[in-house]
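One-letter residues, chain by chain:
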Amino acid sequence: DADGGCTLVAQGAGSFFRAVHPPNSGIIDLLEGGSASASGVLYRCFDWRGSVRIWWHGERRLSAAEGDALVSEYVSAPSEEARAAVLSRAYRGLVVTQASAMEDPYQEAVPEAIAALRAEGYRLMMVTGDSDAAAENIAYATGLAVRPGTRPTAPAAPPAGSEADVER
């Protein structure tokens, strides 16, 4: 810009923005929920039908000298570890400027399939690489997990002679 400075822009998970600038925690907790919970406003205020991903965007203003020094130090770093240390210093102080939420919907038949398997006596588990909050959201939305004080429901009985009526 006019004074030769620049703005460092980054995007990532809420945990990243909490780590690089602890004051970001307030807005992240409000919108996303606690560090391992789907209790935030973005989860509660929409009728999500699937796994929800929240991407955080942040910025940090750098003077021309700071920007030049970081680029020079990064380029001349002798190892991946040294480059990671330069980036760690660069990211320190990033302030959250935006949050984007995206839904990864599950297939429509998933809740019914889960209920049918549970009714047959199968023990169901989820294996996922998603965050704890995303996994919790999808588990409750599909009926894989049941909120305290509620019971899983079994699907309606299939009509006689249907595929589901055939013995295994």
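What counts as what
- Residues numbered from 1 in each chain as written.
- Predicted model: local features only at pLDDT ≥ 70, side-chain atom pairs only at ≥ 80, totals over all residues.
- Heavy atoms only, no water.
- Helix = DSSP H or I, 4+ residues; strand = E, 2+ residues; numbered from the N terminus.
- Contact = heavy atoms within 4.5 Å.
- Areas by Shrake-Rupley, 256 points an atom, 1.4 Å probe, with all protein chains shown as cover.
- Expected span 1.5 Å × (residues − 1).
- Buried < 20%, exposed > 50% of the residue type's maximum accessible area, 1.4 Å probe, protein only.
- Core = buried A, V, L, I, M, F, W, Y, C linked by side-chain atoms within 4.5 Å.
- Axes fitted to C-alpha atoms, helices over the stretch in contact; angles between N-to-C directions.
- Parallel < 35°, antiparallel > 145°, perpendicular 65-115°, else oblique.
- Left-handed = near helix turned anticlockwise from the far one by under 90°.
- Nonpolar A, V, L, I, M, F, W, Y, C, P; charged D, E, K, R; others polar.
- Polar contact = N/O pair within 3.5 Å; in protein donor to acceptor, adjacent residues only side chain to side chain.
- Salt bridge = Lys/Arg side-chain N within 4 Å of Asp/Glu carboxyl O.

Asker: Would you take a moment to explain the overall build of the protein chain for this structure?
Answerer: Helix and strand content of the protein chain: seven helices and three strands. Along its sequence from the N terminus, the protein chain presents helices and strands in the succession β-α-α-α-β-α-α-β-α-α. Of the contacts made within the protein chain by residues no fewer than 6 positions apart, 72% connect residues no fewer than 24 positions apart. With the model as given, the accessible surface of the protein chain reaches about 11,000 Å², and the carbon-plus-sulfur share is 55%.

Asker: Explanation requested: helix α5 (residues 80-91) in the structure shown.
Answerer: At 3.6 residues per turn, the α-helix brings residues three or four places apart onto the same side. Counted at 1.5 Å a residue, the expected span for α5 with its 12 residues is 16 Å, and the 16 Å between its end C-alpha atoms agrees. In the stretch just after α5, Gly-93 is the one whose phi turns positive, near 95°.

Asker: How should I be thinking about the environment of Ile-114 in this particular structure?
Answerer: Relative to the helices and strands, Ile-114 resides in helix α6 (residues 110-119). Given a relative accessible area of 13%, Ile-114 falls into the buried group. Not counting the four nearest positions on each side in its chain, Ile-114 is found in contact with Leu-124, Thr-142, Gly-143 and Leu-144.

Asker: I tried to follow the nonpolar core on my own but got confused; where do I start?
Answerer: Generally speaking, a soluble globular protein has its nonpolar side chains buried in company with each other. Counting residues in hydrophobic clusters, the biggest one holds 12 residues: Ala-10, Phe-17, Val-20, Ile-28, Leu-31, Leu-42, Tyr-43, Val-52, Ile-54, Trp-56, Leu-94 and Val-96. Among the secondary structure elements, those contributing two or more residues to this core are α1 (14-20), α2 (25-32), α3 (41-44) and β2 (50-62). At three residues, β2 tops the list of elements feeding residues into this core. For Ile-54, the residues in contact, after removing those within four places along its chain, are Gly-12, Leu-31, Glu-32, Leu-42, Tyr-43, Ala-99, Ser-100 and Ala-101.

Asker: Honestly, the packing of helix α4 (residues 64-76) against α5 in this entry has me stumped. Any pointers?
Answerer: Packed helices, taken two at a time, are described by the angle their axes make and the gap between the axes. α5 packs onto α4 with a crossing angle of 160° between their chain directions and a minimal axis gap of 8 Å. The angle between the axes of α4 and α5 places the two elements in the roughly antiparallel class. Handedness of the crossing formed by α4 with α5: left-handed. Contacts from Leu-70, Glu-73 and Tyr-74 of α4 reach α5 at Arg-83, Val-86, Leu-87, Arg-89 and Ala-90. Residue composition of the contact of α4 with α5, by class: five nonpolar, no polar and three charged.

Asker: Help me understand the environment of Gln-98, please; the structure alone is not making it clear to me.
Answerer: Structurally, Gln-98 can be placed in strand β3 (residues 95-105). Given the relative accessible area of 42%, Gln-98 is considered partly exposed. It is 9.4 Å that separates the C-alpha atoms of Gln-98 and Glu-59, two residues lying 39 residues apart in sequence. Setting aside anything within four residues of it in sequence, one finds Gln-98 in contact with Trp-55, Trp-56 and His-57. A polar atom in the side chain of Gln-98 sits 3.4 Å from the side chain of Ser-100.

Asker: When you look at the pattern of salt bridges in this model, what are you seeing that I'm missing?
Answerer: As a working rule, side chains carrying opposite charge can pair if their charged atoms are close by. Tallying each qualifying case throughout the model produces five salt bridges. When the shortest N-O distance is used, the salt bridge between Glu-32 and Arg-18 registers 3.9 Å. With Glu-32 in helix α2 and Arg-18 in helix α1, this residue pair connects regions lying 14 residues apart in the sequence. Note on accessibility: Glu-32 and Arg-18 belong to one class, buried. Here the salt bridges do not stand alone but share partners, grouping Arg-18, Asp-29 and Glu-32 into one network.

Interpretation note: all reported values are geometric properties and have no functional meaning in isolation.
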